[in-house]
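# Structure assessment
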Amino acid sequence: MKKHAPQRRHHRSDLLRLAKQAMTDHGLQPEFSASVEEQVAGLHEAARESGPDIRDLRDLLWCSLDNDDSRDLDQLTVCELLPDGTRKMRVAIADVDALVKKGSAIDRHAQFNTTSVYTSAQIFPMLPEQLSTNLTSLNDREDRLALVTEMIFSAEGRLTGSTLYRATVRNQAKLAYDAISEWIEGRAALPAAAMAVTGMDEQLHMQDALAQQLRVLRHTGGSLEFETFQPRAVFAGEQVIDIRQQEQNRARQLIEEVMIATNGCTARFLAAQHGASLRRVVRSPERWLRIVAVAAEYGVALPPTPDSSALEGFLAQRRRLDPLRFPDLSLVIVKLMGRGEYVVEAPGTRPMGHFGLAVRDYTHSTAPNRRFPDLITARMLKAALSGEPPPYSNEELNALAAHCTQQEDAAQKVERQIRKSEAALLLERRIGEHFDAVVTGNTMVGIWVRIFAPPAEGKLVNRNVELAVGERVRVRLVSTDVERGFIDFQYLGL
């Protein structure tokens, strides 16, 4: 059992130090170079372009939906009911390429890290904040260039057609997931930002109704739904005062469904140009028989070959019957499926597809302020729309696909590491307290448990204890190690 040193108290500044070190350790750059800062200093206004190929859509009822504290706004949405009962959904994606040119100092940094890294201590943005939260962000009441995907959906929610084009847009209402979700579900009033825009209430109801249709159709088609354990720290000054699990809600579902549809349209548009493109794939699981064995432990027989519809049926059943343990089952299945990756699809080749979403054509295109693959895709789209040659060779795309996959994995390791340290920081003042928990892992190296309030995971120090994954237990907190993100519990009984 590790010794605990109560005299050393950690603060938010310690998490910042640990986060910067984790970035470096995992091959990511925590700071922008002098050349990037110099380029940023010369940028004072958002990009402005006009011409017959750029539509003026500023008067539409565009809105953004994101986290309460999000300032890097990548997408806007607006929906229109057509006379024949179909609906036209437009999704505007920030035209980051209009200011961040390929090969520039800013672009080289973005290409190196490939993603923004989100930790509680600090966000490490892929692009400098003067861009990502200002000049290339689709900010409230600001005119911005965008790439628009226009989709037509039937009255039943089926996609019947789509097109892409450039436009100038204007965010009419900056809205937050939780507040809008509470309103949609009838638990709160419409937020002031939406109430100030005539027709925004009807607009949001229309978007929500379509998103729920898309959600049903997607899961009927075999798309998988997981619930992962990703708590977020809450600070009061330098102190971590709580850790809260981010819950899925109707507003988050709205954006998720519409962005999945948009990414599919983008992939098919690029495929129709008969050139190479960057795809986001989750391969058919090689360890499917391990997944079959997991389902069998719950009395469910899955087919001997990969079947996303059957797996989704099993997951939906377990979510309904045992929501408490569903995040842990989700994690087991996600690990067995394997990670998502970026690959290059060449003309004439069979798409690998995205097993988790049960779709053949998929790319990442909706977050160019936060993900470099989306910026690559935006440049490919703009070149195709203007009839110009692709901005990347096939050789460049293959190298970038491998690099983006590697750096995404590194970023996720940083975020997981700091989540563990922030949990240890919160709990270091509660040594000796007792908690209810559930067993989340049992391997040769130890037994892990997850406590519920606050949501945090740690290891049991007891030896020779026989416990099964999923068992409810009572534990006592015996030590924490903020620097390494370790939390140790003693098993007290069932």
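Everything here concerns the structure above.
Reading the values: rules and limits
Residues numbered from 1 in each chain as written. Predicted model: local features only at pLDDT ≥ 70, side-chain atom pairs only at ≥ 80, totals over all residues. Heavy atoms only, no water. Helix = DSSP H or I, 4+ residues; strand = E, 2+ residues; numbered from the N terminus. Buried < 20%, exposed > 50% of the residue type's maximum accessible area, 1.4 Å probe, protein only. Phe/Tyr/Trp six-rings, centres within 6.5 Å; stacked < 30°, edge-to-face > 60°. Lys NZ or Arg CZ within 6 Å of the ring centre and 35° of its normal.

Glancing now at unusual backbone geometry. Cis rather than trans, the peptide bond between Ala453 and Pro454 has omega equal to 0 degrees. Structurally, the position occupied by Pro454 is in the loop between β15 (446–451) and β16 (456–460). With phi around 70 degrees, Thr114 is a residue other than glycine that occupies positive phi space. If you trace the backbone, Thr114 turns up in the loop between α3 (105–113) and β5 (117–118). One non-glycine residue, Arg141, adopts positive backbone phi at about 60 degrees. Overall, the relative accessible area of 38% leaves Arg141 in the partly exposed class.

Think of a pair of aromatic rings as described by two things: how far the centres are apart, and how the planes are tilted against each other in angle. Going through the model one piece at a time under the given rule, you end up with three aromatic pairs. On the basis of an interplanar angle of 55 degrees and a centroid distance of 5.8 Å, the ring pair of Tyr298 and Phe314 is categorised as tilted. You can see Tyr298 sitting in the loop between α9 (288–297) and α10 (308–321) and its partner Phe314 sitting in helix α10, a full 16 residues away along the chain. You can call Tyr298 partly exposed: its relative accessible area is 37%. Relative to Phe489, the ring of Phe435 has its centre 6.3 Å away and its plane inclined at 75 degrees; by these criteria the two rings are edge-to-face. One end of the pair, Phe435, is in strand β14 (residues 434–443); the other, Phe489, is in strand β18 (residues 486–493), and 54 residues separate them in sequence. Pair check on accessibility: Phe435 and Phe489 agree, each one buried. One Lys or Arg, Arg55, reaches over the ring of Tyr165 and ends 3.6 Å from the middle of that ring.

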